[in-house]
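Per-entry structural report
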Amino acid sequence: MQIKGIARETLDFILQVSKSTYPLEFAGLLQAKDGIITDILILPGTESSEVSATLRLFMMPNISAVGSVHSHPGSVIRPSKADLRLFSKTGSHHIIAGHPYGPGNWKCFNGRGEEISLDVLDVEIEDEELL
Ligand code: ZN
């Protein structure tokens, strides 16, 4: 699927959840409709260990995702070795949000861990899709 961007509401949601989860890490899967990322599938029981959170992400079978999202409470927005290993397994778009989770505190990476641009789109989405 060609990804055109992420809905602004969805990005705001990511930053909000990252904030409310801090100092723990939050992780989820990205799902898209018509090429626009509008859904976040949050993992239950996120732990503070980054490796365990991201590992569990990619061990969920039967879920179609265009990529992943997780937060870095340590504020460095760069994929760790564990991130890179897992990025290569699922999806083409991987968002990392870094503390303090402001509007500019996130980056998107491809499956090889290279930074890519992701447009933030003002689109209407139904509230239920975020829950
Ligand atoms: Zn990470």
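In case you missed it, the structure is sitting above this.
Residues numbered from 1 in each chain as written. Predicted model: local features only at pLDDT ≥ 70, side-chain atom pairs only at ≥ 80, totals over all residues. Heavy atoms only, no water.

**Describing the sheet that holds strand E3 (residues 36–42)**
Strand order in this open sheet of eight strands is E7-E6-E5-E4-E2-E3-E1-E8, and the pairing throughout is mixed. Strands with a single pairing partner mark the edges of an open sheet, and in this sheet they are strand E7 (115–116) and strand E8 (120–121). Alignment of strand E5 (residues 93–98) against strand E6 (residues 106–109), held across four bridges, turns out to be antiparallel. Residue pairing across strands places isoleucine 96 opposite lysine 107, the latter belonging to E6. (Pairing = 2+ DSSP bridges. Helix = DSSP H or I, 4+ residues; strand = E, 2+ residues; numbered from the N terminus.)

**Things to note about helix H1 (residues 8–21)**
With 14 residues, H1 extends 20 Å between its outermost C-alpha atoms, agreeing within 8% with the 20 Å of an ideal straight helix rising 1.5 Å per residue. Within H1, burial applies to Thr10, Leu11, Phe13, Ile14, Leu15, Val17 and Ser18. (Expected span 1.5 Å × (residues − 1). Buried < 20%, exposed > 50% of the residue type's maximum accessible area, 1.4 Å probe, protein only.)

**Re the pattern of salt bridges**
What the rule picks out here adds up to four salt bridges. Across the pair glutamate 115 and lysine 107 runs a salt bridge whose closest N-O atoms are separated by 4.0 Å. As a salt-bridge pair, glutamate 114 and arginine 112 come within 3.3 Å of each other at their nearest N and O atoms. We classify arginine 112 as exposed; its relative accessible area is 64%. (Salt bridge = Lys/Arg side-chain N within 4 Å of Asp/Glu carboxyl O.)

**Thoughts on the environment of serine 20**
Here serine 20 lies in helix H1. At 3.1 Å, the side chain of serine 20 forms a polar contact with the backbone oxygen of valine 17. (Polar contact = N/O pair within 3.5 Å; in protein donor to acceptor, adjacent residues only side chain to side chain.)

**So, the pairing of E5**
Counting buried residues in E5 gives six out of six residues, a clear majority hidden from the surface. In E5, alternate side chains face the same way, and those of His93, Ile95 and Ala97 on one face and His94, Ile96 and Gly98 on the other are all buried.

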